[in-house]
Amino acid sequence: MVYREKSSDVNRKKKKNNQLNVLTKTDRSDGSDDCNLFTDLPRFPPRVERNAKGAAGLAAASRLVEKGFDPARITILEAENRIGGRIFTVQHGSSLIEIGAQWVHGKEGNVVHPLAEAAGEIRTDIHTLESTGYADDVEMVYRDGRKITADQLKEFKEILQRIYADSRRELAQWKTSLGEYFEYKFGKHLDQGSFTTMDRATALDLLDWAHRAQNIEDGSDNWMETCGVGSLEYHECVGDYTTVWKRGYSALFDILMKNVPKRNNGLQLPLSDRIRLNSPVNLVRWNPDRPNCKVEVVCSDQTYNADMVLITCSLGVLKDRADKLFTPLLPEKKRKAIEGIGFGTVDKIFLEFCKPWWNQQWGGVNFLTQHSKATGDWVEKVMGFSTVRGQPNLLIGWISGPAARICETRPEDEVMRKCSELLRNAVGSDFVYEEPTRMIRSLWHSNPNFCGSYSYRSRKSKDLDVWASDLAEPISDSHGLIRLLFAGEATHDHCYSNVHAAVETGWREADRIFEMVNNSPAPSKL
Ligand SMILES: Cc1cc2nc3c(=O)[nH]c(=O)nc-3n(C[C@H](O)[C@H](O)[C@H](O)COP(=O)(O)OP(=O)(O)OC[C@H]3O[C@@H](n4cnc5c(N)ncnc54)[C@H](O)[C@@H]3O)c2cc1C
């Protein structure tokens, strides 16, 4: 017995399991074990932990098992050779780097924060905004080395802050994009003479930086595509926005799977052996009009028959190939939601140096491109580079949008050389700059299992009147039985783009499944 529980609890769970009739007697095409529920799971790399674990998918599976659902009835199909999805903690030297999610964004209302806190996984020694490019010790420099002074930067940040504060009230009436709002407000400040420390051209170059930074925050290609009023749907969780994990974000999977025996009295959810790595789903096929028909989940080497399927792949994957993944096609409203809700590209570029050429006071550099000298090269869109706690020889850079997608296609030596040039020109007068020896970068767009980074509220979603709830809407057969369910960050009404959204939506769908199964008639009555 896995659970340490009172016999009355066991009986209660057994009774509940007996009610799971609608999920019994399923089969795989090879005639072996029963398996019923298929999800895609985000996971973390084996190098950090040995046991296979996996955000939305694993949250759903672990919730079901915790509620007494038989794990043997769950099969988790993962296309990658690792668990974690867009959580991807990698051991680097004696510490870690995060290729994907890195921060717990806020505390109040963030379901991940209490999990991490209770498990003692939160780092308290890292100050807010470190490694974000917004910290006070990060300077702002033109590509030719000219610096924005501390007074100029202070003024710019204050005005930007005022615009952000106004936006919370004013965007509700704003008809167009977030970008148009910011440019309008910024223009007013320029016209009113709010900028006393710089000329108009410098202020506009700083606005261009703010645009790049906002795209990274939102996950959008261009803030002209981000819906102004739609962006109010996003709810920030109050508290430190950049809380960091001691063992990296992938520790979340240990917590969800209760693989922390000392802290959980030995309780461990038996899910590891339900995960099939390297198992990309090529097709989900079913007949909504046939009573009791199974949903076929077709992978390259095997077809699984399920009573219901929980789909947790990224919105990027659905945008790329939902029409090929589902037979019959998904309902029109769902397809419009997939088309309309935004999903952009945000990438990280880590540069490694033999030793730090910077000093302890230096937190990083943000790059400005003089508008009149812009060439359109992808490298002009790199937001900046900043230091990485625990990695004394590393700097982390950020890039988003079409430039990130182009960057992903460029050879490593070109990316490293161009980023190094940027850095050398920006800091060469202050430090004895040394060339990087290695680069580690994310390729979130070109990886077919993600096709981008995270979702945002686009103007198109408003034009098409499609929202996260449309993406989340389950699909039933003609008898009203739910067969296809949807979870993942993009299906969250208010916290989309975050890990805590993914976890909440996994729990949401697990609860839906559990309730449905417990309230369903036995198959014979169907
Ligand atoms: C660069 C970057 C930085 C980020 N920073 C933060 C941060 O600091 N804080 C934060 O809260 N969030 C952050 N995020 C967002 C966060 O990582 C995601 O919102 C969250 O991890 C999404 O989880 P998910 O379960 O919805 O989807 P995913 O993690 O994408 O999981 C879906 C899984 O489905 C698998 N899959 C896809 N297609 C198939 C198929 N056909 N068959 C089988 N399996 C398939 C994928 O391999 C993947 O494992 C960041 C993301 C990126 C890319």
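Everything here concerns the structure above.
Below is a short write-up of the structure. (Residues numbered from 1 in each chain as written. Predicted model: local features only at pLDDT ≥ 70, side-chain atom pairs only at ≥ 80, totals over all residues. Heavy atoms only, no water.)

What follows deals with the layout of surface pockets. Looking at the second largest pocket, its volume works out to about 580 Å³. As for the second largest pocket, its lining consists of 26 residues, and the residues nearest its centre are Asp 208, His 211, Arg 212, His 371 and Lys 381. Mapped by element, the contributors of at least two residues to the lining of the second largest pocket are α6 (200-218) and α10 (401-409). Looking at which element gives the most residues to the lining of the second largest pocket, the answer is α6, with nine residues. Residue classes in the lining of the second largest pocket are distributed as ten nonpolar, eight polar and eight charged. (1 Å grid on protein atoms, 1.4 Å probe; cavity = no way out; pocket = protein on both sides within 12 Å on 5 of 7 lines; lining within 4 Å. Points joined across faces, edges and corners; volume = space filled by probe spheres on them. Helix = DSSP H or I, 4+ residues; strand = E, 2+ residues; numbered from the N terminus. Nonpolar A, V, L, I, M, F, W, Y, C, P; charged D, E, K, R; others polar.)

Below, the discussion takes up the pattern of salt bridges. The full count for this structure, using the stated rule, is 38 salt bridges. Among the salt bridges present, the one from Arg 441 reaches Glu 412, with a minimum N-O distance of 3.8 Å. Linking Arg 441 in strand β20 (residues 438-441) with Glu 412 in helix α11 (residues 412-427), this pair joins segments that are 29 residues apart in sequence. Note on Arg 441: relative accessible area 15%, which makes it buried. Note that Glu 509 is salt-bridged to Arg 512, the shortest N-O span being 2.7 Å. Pair noted here: Glu 509 and Arg 512 are both in helix α14 (residues 499-519), with a separation of three residues, about one helical turn. Taking relative accessible area as the criterion, Glu 509 reaches 0% and is therefore assigned buried. Here the residues in one salt-bridge network are Asp 166, Arg 169, Glu 170 and Lys 185, joined through shared partners. (Salt bridge = Lys/Arg side-chain N within 4 Å of Asp/Glu carboxyl O. Buried < 20%, exposed > 50% of the residue type's maximum accessible area, 1.4 Å probe, protein only.)

For the peptide bond that leads from Thr 327 to Pro 328, omega is 0 degrees, which places it in the cis range. Of note, Pro 328 is situated in the loop between β14 (326-327) and α9 (332-340). One non-glycine residue, Asp 465, lies in the positive phi region at around 55 degrees. On the basis of relative accessibility, which here comes to 44%, the residue Asp 465 falls in the partly exposed class. Even without a glycine there, the phi angle at Ser 497 is positive, about 85 degrees. Locating Ser 497 in the fold gives a position in the loop between β23 (482-486) and α14. You can call Ser 497 buried: its relative accessible area is 18%.

Quick look at the sheet that holds strand β5 (residues 103-104) now. Within the open sheet, the three strands sit side by side as β5-β8-β6. Their pairing is antiparallel. Lying at the two open borders of the sheet, with one neighbouring strand each, are β5 and β6 (122-123). (Pairing = 2+ DSSP bridges.)

Let us now look at the nonpolar core. Ranked by size, the top nonpolar core spans 43 residues in total, and within it Val 112, Trp 245, Tyr 249, Leu 252, Val 499 and Val 503 carry the most contacts. Only α2 (56-66), β2 (74-77), α3 (112-118), α7 (251-256), β13 (308-311), β23 and α14 provide two or more residues apiece to this core. It is α14 that contributes the most residues to this core, nine residues altogether. In contact with Val 503, other than residues within four places in its own chain, are Ala 55, Ala 59, Val 111, Val 112 and Leu 252. Judged by nonpolar contacts, the second largest core, of 41 residues, contains Val 90, Phe 156, Ile 159 and Leu 160. (Core = buried A, V, L, I, M, F, W, Y, C linked by side-chain atoms within 4.5 Å. Contact = heavy atoms within 4.5 Å.)

The space that makes up the largest cavity amounts to roughly 80 Å³. Across the lining of the largest cavity, the residue classes tally to eight nonpolar, three polar and two charged. Its volume calculated, the second largest cavity comes out at about 30 Å³. Along the walls of the second largest cavity sit eleven residues, with Gly 133, Asn 366, Gly 384, Phe 385 and Ser 386 positioned nearest its centre. Listed by contribution, the elements that provide at least two residues to the lining of the second largest cavity are β17 (364-368), β18 (384-388) and β19 (391-400). The dominant element in the lining of the second largest cavity, judged by the number of residues it contributes, is β18, at three residues. A class-by-class count of the residues in the lining of the second largest cavity yields six nonpolar, five polar and no charged.

Right, let's get into the sheet that holds strand β7 (residues 138-142). An order of β7-β17-β18-β19-β16-β20 is seen for the six strands of this open sheet, with the pairing classed as mixed. Here the strands that pair on one side only, and so sit at the sheet edges, are β7 and β20. Shown here is a sheet whose adjacent strand axes are inclined to one another by a mean of 25 degrees, direction ignored. Judged from the five bridges that link them, β7 and β17 form a sheet pairing that is parallel. Along β17, the bridge assignment pairs Met 140 with Asn 366. α6 contacts β7, β16 (346-352), β17 and β19 of the sheet and is inclined by roughly 115 degrees relative to β17. (Axes fitted to C-alpha atoms, helices over the stretch in contact; angles between N-to-C directions.)

Our focus in this paragraph is α10. Every buried residue of α10 is accounted for by Gly 401, Ala 403, Ala 404, Cys 407 and Glu 408. Down the axis of α10, the smallest arc covering the buried residues is 145 degrees, so these residues share one side. Buried residues belonging to α10 abut β16, β19, α11 and β20. (Arc of directions from axis to C-beta.)

Here Asn 215 is to be found in helix α6. In this structure the side chain of Asn 215 is engaged in a polar contact, spanning 3.3 Å, whose partner is the backbone oxygen of Asp 221. Not counting chain neighbours up to four residues away, the residues in contact with Asn 215 comprise Ser 220, Asp 221, Asn 222, Trp 223, Val 346 and Ser 400. (Polar contact = N/O pair within 3.5 Å; in protein donor to acceptor, adjacent residues only side chain to side chain.)

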